[in-house]
Amino acid sequence: MEVEFDVKITPGALYDYMLFHTYTSASGLLGSAVGALLVVGFFMGAGVIFLIAGAVILAYLPWTLFIKSRQQYLANPAFKNSLHYKMTEEGVEVSQGEEVQSQKWEDMYKAVSTPRSLILYTSPVNASVFPRKDLGEKTVGVIRIISAHMPPKKVKIRQ
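All values reported here derive from a predicted model rather than from experimental measurement.

K.L.:
Teacher, can you tell me more about the pairing of strand β7 (residues 127-131) here?
P.N.:
It is a general feature of regular strands that their side chains alternate between the two faces of the sheet. The element β7 is extensively covered by neighbouring structure, given that four of its five residues are classed as buried. Connecting strand β6 (residues 117-121) to the next strand, β7, in antiparallel fashion are five residues.

K.L.:
Would you take a moment to explain the sheet that holds strand β8 (residues 155-156) for this structure?
P.N.:
Two modes of strand pairing occur in sheets, parallel and antiparallel, and in both the strands are linked by backbone hydrogen bonds. Read across the sheet, four strands follow the order β7-β6-β5-β8 without closing on themselves; strand pairing throughout is mixed. Sheet topology places β7 and β8 at the edges, where each strand pairs with a single neighbour. Judged from the four bridges that link them, strand β5 (residues 110-113) and β6 form a sheet pairing that is antiparallel. Opposite Ser113, over in β6, you have Leu118 as the bridge partner. Packing of helix α1 (residues 11-23) onto the sheet brings it into contact with β5, β6 and β7, and relative to β6 it is tilted by some 60°. Here helix α5 (residues 139-149) sits on the sheet in contact with β5, β6, β7 and β8, set at roughly 25° to β6.

K.L.:
Honestly, the pairing of β5 in this entry has me stumped. Any pointers?
P.N.:
Hairpin remark: β5 followed by β6, antiparallel, with three residues in the connecting loop. Taken together, the two bridges between β5 and β8 define a ladder with parallel strand orientation. Pairing of Ala111 across the sheet is with Val155, part of β8.

K.L.:
For this particular structure, what's the right way to read the nonpolar core?
P.N.:
As a rule of thumb, soluble globular proteins bury nonpolar side chains together. Within the largest apolar cluster, 35 residues are counted, with the highest numbers of intra-cluster contacts made by Phe5, Met87, Trp105, Leu120, Phe130, Val142 and Ile146. Residue contacts for Trp105: discarding those within four places in its chain leaves Met87, Thr88, Glu89, Glu90, Gly91, Val92, Leu120, Ile145, Ile146, His149 and Met150.

K.L.:
How should I be thinking about the side chain of Arg132 in this particular structure?
P.N.:
Mapped onto the secondary structure, Arg132 falls in helix α4 (residues 132-135). Buried within the structure, Arg132 lacks any salt-bridge partner; its nearest side chain of opposite charge belongs to Asp16, at an N-O separation of 7.4 Å. Here the side chain of Arg132 touches Pro115 through a polar contact of 3.5 Å, landing on its backbone oxygen.

K.L.:
Whenever I open this one, a nonpolar patch on the surface confuses me. Can you help?
P.N.:
Together, Val48, Ile49, Phe50, Ile52, Val56 and Tyr60 make up a nonpolar patch on the protein surface, roughly 600 Å² of accessible area in all. Take Val56: it is sitting in helix α3 (residues 48-75).

K.L.:
Please explain the packing of helix α2 (residues 26-43) against α3 as it appears in this structure.
P.N.:
Two measures define how a pair of helices packs: the angle their axes make with one another and the distance between the axes. Interhelical geometry of α2 versus α3 gives an angle of 155° and a closest axis separation of 7 Å. When the axes of α2 and α3 are compared, the pair comes out roughly antiparallel. The two elements α2 and α3 cross, and the hand of that crossing is left-handed. On α3, the residues touching Gly28, Gly31, Ser32, Val34, Gly35, Ala36, Leu38, Val39, Gly41 and Phe42 of α2 are Val48, Phe50, Leu51, Ala53, Gly54, Ala55, Ile57, Leu58 and Leu61. Among the residues forming the contact of α2 with α3, the class breakdown is 13 nonpolar, six polar and no charged.

K.L.:
Would you explain the packing of α1 against α3 in this entry?
P.N.:
Between α1 and α3, the least distance of the axes is 9 Å, while the angle of their chain directions is 140°. For the element pair α1 / α3, the angle class is oblique. Here α1 runs over α3; the crossing is right-handed. Across the interface between the two elements, Pro11, Gly12, Leu14, Tyr15, Met18, Leu19, Thr22 and Tyr23 from α1 touch Leu58, Leu61, Pro62, Leu65, Phe66, Lys68, Ser69, Arg70, Gln72 and Tyr73 from α3.

K.L.:
What am I meant to see in the pattern of salt bridges here?
P.N.:
Pairing is possible between side chains of opposite charge, provided their charged atoms come close. Tallying each qualifying case throughout the model produces one salt bridge. Asp134 is the salt-bridge partner of Lys133, the closest N and O atoms lying 3.3 Å from each other.

About the thresholds
- Residues numbered from 1 in each chain as written.
- Predicted model: local features only at pLDDT ≥ 70, side-chain atom pairs only at ≥ 80, totals over all residues.
- Heavy atoms only, no water.
- Buried < 20%, exposed > 50% of the residue type's maximum accessible area, 1.4 Å probe, protein only.
- Helix = DSSP H or I, 4+ residues; strand = E, 2+ residues; numbered from the N terminus.
- Pairing = 2+ DSSP bridges.
- Contact = heavy atoms within 4.5 Å.
- Axes fitted to C-alpha atoms, helices over the stretch in contact; angles between N-to-C directions.
- Core = buried A, V, L, I, M, F, W, Y, C linked by side-chain atoms within 4.5 Å.
- Lys, Arg positive; Asp, Glu negative; His and termini not counted.
- Salt bridge = Lys/Arg side-chain N within 4 Å of Asp/Glu carboxyl O.
- Polar contact = N/O pair within 3.5 Å; in protein donor to acceptor, adjacent residues only side chain to side chain.
- Patch = residues over 30% accessible without salt bridge, like charges linked within 9 Å, V, L, I, M, F, W, Y side chains within 5 Å.
- Areas by Shrake-Rupley, 256 points an atom, 1.4 Å probe, with all protein chains shown as cover.
- Parallel < 35°, antiparallel > 145°, perpendicular 65-115°, else oblique.
- Left-handed = near helix turned anticlockwise from the far one by under 90°.
- Nonpolar A, V, L, I, M, F, W, Y, C, P; charged D, E, K, R; others polar.

Structural data, given as structure tokens:
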């Protein structure tokens, strides 16, 4: 079984990855909980400062991630061109121009999905992002090969 496809990393794809990565971490969840509690505190009569602080906390992280995704896209020349992926029985090979890198399935950290992307983590903080719009009809094949070569506890993909 083998699947080949091209993806174009856009600021939107980076933002989707950053939102998922941040809001599934302890700090992202804690920040959201604190912001929500401050807003609830306002509605329980604690004062308008609670509403303002809660709104700022809840809006700060998505806004900064939005800005950071744009900056990262502009700063990284690799995002200007498409990346070619080839998933085989041995692992995942990514190429752009003359440069080729590969990683074995057993070295993959985890695979997850968002409504807009499939994300294949190569370490706790690094990942390959596959926008669903770029995968098109190959989405099912990509999910199948990932699921076949990674342990089920590492795969959290919803169609």
